[in-house]
Every structure is written in structure tokens, then in C-alpha cells.
Amino acid sequence: MIYERLLAPLEGFSSTIIKFIAEGGKGANVTVPFKLEAYEMASDLTARAKSAGAVNTFKFEGNSILGDNTDGVGLITDIVRNAGMQIRGKRVLLLGAGGAARGVMLPLIEQNPAGMVIANRSLAKAADLAQRFSASGSVGVSAFGELKGQFDLIINATSASISDDMPPVPEIVFGAGTLALDMMYGSQLTRFLRFAAEHGASVRDGFGMLVEQAAESFFVWRGIRPDTKPVFLALRP
């Protein structure tokens, strides 16, 4: 089994994948900025890929291109198993209403939180995202400045941390019982996580989500879910 990087030109994603399949490729992970194009290219989509509206995992069998999305389950696995937080019965705050937020909405709702709120600069965009999942559970929306009360789990799905910025979330949402998670990861805590820690929250970056979504992709391809503990020990001893 060989797993390696494959660079696709911005205007040549589909041709790169077709060539890879012709050369005997059996599957692929897909990164930004190609997740939406991968969604359109797939001949078959899993329920979680349809929910996310994006594909990060391909599996090639015969003439079929199966599109899946393992980001959401990777996040849930990291929170529940690695961080030790049960989401059932908890108050959840999701920051952002873009593609990253949409990708984790259904897996979060399936955990049966006590309540879930989407906070975003554009209330209309947050309301649209909440409406998409209204049949799955009750989801509220709020402007950042109108958030009230402490939340048990706060997930930053905005792109602010790319530039070491942070969404304008008030300090009142954090507390000693809060787990704050940023989907971004790096050698240092993001500004959002530093702010959360200063106001009593436990913090976690997106590294665990990265590892666990990769493990889920491996399961899609091979039918075996690998143990991720050695990966954490090797990369973050």
C-alpha cells in the first residue's frame, strides 16, 4: 500500500483524479480548495457527504467514484474519545456558518446536545445553515454580540485563526466547564484558544480532528479503523 501526496493544479483537479484512477489509484483524500469540486465529481455520495455538501475522501471501485466526508466524525471522535466529553445534554456553540461549520452540523446534532447555537457575522447565513438541519433538531442562531450564558462546548469553525484573528465572541460564553476547540492547529495556540483559556476554558486545537478524520478515511478504504494513539504519541509526544 502506498500513500503519498499528489499535487493538482487549480484548474486541473478532475483530470488529475482521472489520471490517478487510470494508474491504479484506489482512493484519495481531498484538501482545500477542491472539496466542493470533489463533491460534484463523485458518482455516489454518502449521507454525511450530502449533509456536508463537500467531499474530503474518495474511494474508487470499478467505474464508481464514492465521495465521503470524514471531517465531522473526526471532530466527534476527538471530542468524545480523546477529550473525554460527552456531547449529549450539553450546550453547544458553533462559531461560523461556512463550509467547515456545515460539515460538522449533522454529526453534532446526532450526539443529542441539550441545545445548539450558531453564531456568525451574517445572521442570514447562520439562519440558512440552521434551517438546513431543522428537521434533525432545534438549532438557534445569534449574532456574536448577543450571545448570552456559558456553553459547555464551543467550536471555532471560522477562518479567523488562519490570520491569528478571532471571531468577536464575548468572554461570558466561557467558563471552567467549557471545552473550546479550534479547527485550526499549529505549534502554538491560536488567538481564539488563548482567549478561551484566559477565561477559564479547557482548550483543544484541530490536530485531533485531523488525525481522527484520517483514520476514518482509512476505514472507508480498507474496512479497518486504525488505532490513533501511536500517531498522537509520534507527532505530539
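Residues numbered from 1 in each chain as written. Predicted model: local features only at pLDDT ≥ 70, side-chain atom pairs only at ≥ 80, totals over all residues. Heavy atoms only, no water.

Let's shift gears to the pattern of salt bridges. By the definition in use, this model includes 12 salt bridges. Between Arg 48 and Glu 216 there is a salt bridge; the shortest N-O distance is 3.1 Å. Pair noted here: Arg 48 is in helix H3 (residues 47–52) and Glu 216 is in helix H8 (residues 207–222), with a separation of 168 residues, a long-range link. Given a relative accessible area of 27%, Arg 48 falls into the partly exposed group. (Salt bridge = Lys/Arg side-chain N within 4 Å of Asp/Glu carboxyl O. Helix = DSSP H or I, 4+ residues; strand = E, 2+ residues; numbered from the N terminus. Buried < 20%, exposed > 50% of the residue type's maximum accessible area, 1.4 Å probe, protein only.)

Spatial strand order, S7-S6-S5-S8-S9-S10: six strands in an open sheet with parallel pairing. The two strands at the open ends of the sheet, each matched to only one other strand, are strand S7 (139–142) and strand S10 (202–204). Neighbour-to-neighbour, the strand axes of the sheet open up by a mean angle of 20 degrees, direction not taken into account. Sheet analysis places strand S9 (residues 179–182) next to S10, joined by three bridges and oriented parallel. Residue pairing in the sheet places Ala 180 in a bridge with Val 203 of S10. Across the sheet, helix H4 (residues 71–82) touches strand S8 (153–156), S9 and S10, and the angle it forms with S9 is around 145 degrees. (Pairing = 2+ DSSP bridges. Axes fitted to C-alpha atoms, helices over the stretch in contact; angles between N-to-C directions. Contact = heavy atoms within 4.5 Å.)

On to the packing of aromatic side chains, then. Tallied over the full model, the rule gives nine aromatic pairs. With a centroid separation of 4.8 Å and an interplanar angle of 15 degrees, the aromatic rings of Phe 13 and Phe 34 are classed as stacked. Of this pair, Phe 13 sits in helix H1 (residues 13–22) while Phe 34 sits in the loop between strand S1 (27–29) and helix H2 (35–41), placing them 21 residues apart in sequence. When its relative accessible area of 4% is taken as the criterion, Phe 13 is described as buried. (Phe/Tyr/Trp six-rings, centres within 6.5 Å; stacked < 30°, edge-to-face > 60°.)

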